[in-house]
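# Observations on the three-dimensional arrangement
One-letter residues, chain by chain:
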Amino acid sequence: MKKISILLLSAFVLLISCFCSLPVSANTELYQQCKEMADLIASNLSQFKIEYNLSESKKMTSTEIEGYIPAYIIDAEKNGVYIDFNDSTGYMVVTLDYEIYALEVEGDLEYLKNVDFVYYSVMDGFLYLSEDKYQKFDIELRSVPVEYGYSGQIGSGDGMITNINSYVSERYPSYNYVEEHKDAFGLDYKFTNQMSTSYYVFYESLNHKGEPFSISSENNCAMVADCNLLWSWQSKGLISGIPTIDKTIDVFSTINEDPYYAKYGMYRPGPNTVYTWTINDKSILQNFSELYARARRYGAITRGTAPDQGINLDLARDILIYCMAFYQCLNYPTATTNFADVMNSLDNGYAVFCGLANSQTYGTHAVTLLGYRKYTYTTGVWIFQKTHTAYFYYIDDGRGNICYFDPNASSSLSLEYIYF
């Protein structure tokens, strides 16, 4: 493909006639630059379409530009423009230095028709700012085919990635490493897991005839993530006064007073047991995290969450706030469904609560997000480059594993976060 320098392109933009009379709502330099980019694409749409259709199976049918608005592309940290093609023939998001970050050849985004500025995120789609937090215009699911079992991964699905280089090399061979932020993980990161924080455990016979047994923890992943988050935030100086991970109490001696003991704690597995709940190992209960016991008291007793029940994002945040208030921490975290909101926290080394729904590996689960890796690759369309971006999360999964997670692997994955 013939390359044209930015200098020549700029001159070209200044010389071309305005093909379309699209409205500009403010006489600023940014809006003028956006208009020039829109005019350039509109004047050469036929050539752009030919170049695009040469390499793509889903053909572009646009005949004109219907509208445009300035955009800020969060992943590129650059200004750009959102281009709306006519009717339902799609749209594109492009930086002012000719990098395409989104290009769809079908659809019409009605929610952007009367907007004069938009943010764009590869992970989150189109956003606007409200009270210093991003909000989605619409929930858009990514369409990525589901595949299983790659190098650098234990098992299959979207999690348990232990060698990110091998995994990306096999599953996403076109992508190139750009940067990594995981300063939240280090020697000062102390963490617990679900089994070590369960009052009760579930024994189940693997052959459903008696022994041998598998042993499962309570459904307490969110409270584990809460505690790991608080310890991490304290190690980074965001909060203070939280009992450290080695501050323990004895809950074994009083477990029969727990309101769930009669249902979950009185039975003991035997040779003919198929399944049963019972109390956790005595040594664990005698050396139980004080912080987790406080979180459990609020979540399980005050809010009525049983050992086999999960909690939602709002309750997870409520538990965080309760613990912080109890230990007199005065700054409280924020909840969001946008990765764009939490990137700055991760860049600064602050861990983030991450709730997963429809994960191929974890199902519905909560983890501690410790960082991320960014990969990109570029393709060309006419005089433009198209940038493809993928993020991979570095997580503590609450089950004793520090590993990577692939949020790109499933079109049905839903994510939510709590952050400072």
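First, a word on scope: everything that follows refers to the structure included in this document. (Residues numbered from 1 in each chain as written. Predicted model: local features only at pLDDT ≥ 70, side-chain atom pairs only at ≥ 80, totals over all residues. Heavy atoms only, no water.)

For the chain, the count of helices and strands is 10 helices and 19 strands. The principal-axis extents of the C-alpha atoms in the chain amount to approximately 85 × 50 × 35 Å. Every one of the 420 residues in the chain was classed for burial, and the buried ones make up 51%. In the chain, the proportion of contacts linking residues at least 24 apart, taken out of those at least 6 apart, comes to 63%. (Helix = DSSP H or I, 4+ residues; strand = E, 2+ residues; numbered from the N terminus. Buried < 20%, exposed > 50% of the residue type's maximum accessible area, 1.4 Å probe, protein only. Contact = heavy atoms within 4.5 Å.)

What follows deals with the pairing of strand β4 (residues 99–104). Burial of β4 is extensive: 5 of the 6 residues sit out of reach of the surface. The loop that links strand β3 (residues 91–95) with its antiparallel partner β4 comprises 3 residues; one of these, Y98, has a positive phi angle of about 75°. The pairing of β4 with strand β17 (residues 384–396) spans 2 bridges and is classified as parallel. Of the residues in β17, the one forming a bridge with I100 is K386. (Pairing = 2+ DSSP bridges.)

Here 3 strands make up an open sheet; going across it, the order is β10-β9-β12 and the pairing antiparallel. The sheet terminates laterally at β10 (213–216) and β12 (275–279), the two strands that pair on one side only. Taking the axes of each pair of neighbouring strands and ignoring which way they run, one obtains an average angle of 25° across the sheet. Sheet analysis places strand β9 (residues 200–205) next to β10, joined by 4 bridges and oriented antiparallel. Looking across to β10, one finds that E204 is bridged to S214. (Axes fitted to C-alpha atoms, helices over the stretch in contact; angles between N-to-C directions.)

Let's shift gears to the pattern of salt bridges. If you walk through the whole model with that rule in mind, you get 12 salt bridges. For the salt bridge of D108 with K113, the shortest nitrogen-to-oxygen distance reads 2.7 Å. For D108, a relative accessible area of 23% translates into the label partly exposed. Owing to a relative accessible area of 29%, K113 belongs among the partly exposed residues under this scheme. A cluster of three or more residues bridged by salt bridges with shared partners is formed by E66, D84, D108 and K113. (Salt bridge = Lys/Arg side-chain N within 4 Å of Asp/Glu carboxyl O.)

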